Amino acid sequence: MTSPGPLVRFCPVCRQADSDPRHDHGVGDTLLQPHLDCCRSVGCPDGSCPIITSGAEDLRGEDLRSHLTDPTVVAANAEALDARDDETRTYTTDTVQVFLQAVSR
Ligand SMILES: [Zn+2]
Ligand SMILES: [Zn+2]
């Protein structure tokens, strides 16, 4: 038996299917799994992707995954995400709709 690798998913922004790190959006029956950098480029609905990929804009795939799982980076990102103002972090159907429109352009 071979162990399954990271899940392959579809990115609605660049339309590639691979296992690169994603931002999972789930509101109601809408599920989107864009790449972190793709999500950032169309306006991340909860403002987390610009923070999480800060300083790692050029990383993709396994490089990005190991960067994001580095304990120092995890701690710094958690702190930065906590520091977001309430309006930015509020994740509502409206913000997802705006995101969906950006994606479908
Ligand atoms: Zn993408
Ligand atoms: Zn995002």
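The notes below deal with the structure included here. (Residues numbered from 1 in each chain as written. Chains lettered and ligands numbered in written order. Predicted model: local features only at pLDDT ≥ 70, side-chain atom pairs only at ≥ 80, totals over all residues.)

## A look at the nonpolar core
Move 1: Core analysis: the largest hydrophobic core is formed by 7 residues, namely C11, L36, C38, C39, C44, C49 and I52.
Move 2: When residues of this core are traced back to their parent elements, those giving at least two are α1 (36-42) and α2 (48-52).
Move 3: Ranked by residues supplied to this core, first place goes to α1 with 3 residues.
Move 4: Among all residues touching I52, those that are not within four sequence positions of it are L36, L68 and N77. (Core = buried A, V, L, I, M, F, W, Y, C linked by C-beta atoms within 7 Å. Buried ≥ 20, exposed ≤ 12 C-beta atoms within 10 Å, placed from the backbone. Helix = DSSP H or I, 4+ residues; strand = E, 2+ residues; numbered from the N terminus. Contact = placed C-beta atoms within 7 Å.)

## Things to note about the environment of P6
Move 1: The topology assignment puts P6 in the segment before β1 (9-10).
Move 2: Looking at P6, the number of C-beta atoms within 10 Å reads 13, which means it is partly exposed.
Move 3: Between the C-alpha atoms of P6 and L36, which are 30 residues apart in sequence, the distance is 16 Å.

What is shown is where atoms sit, not what they do.
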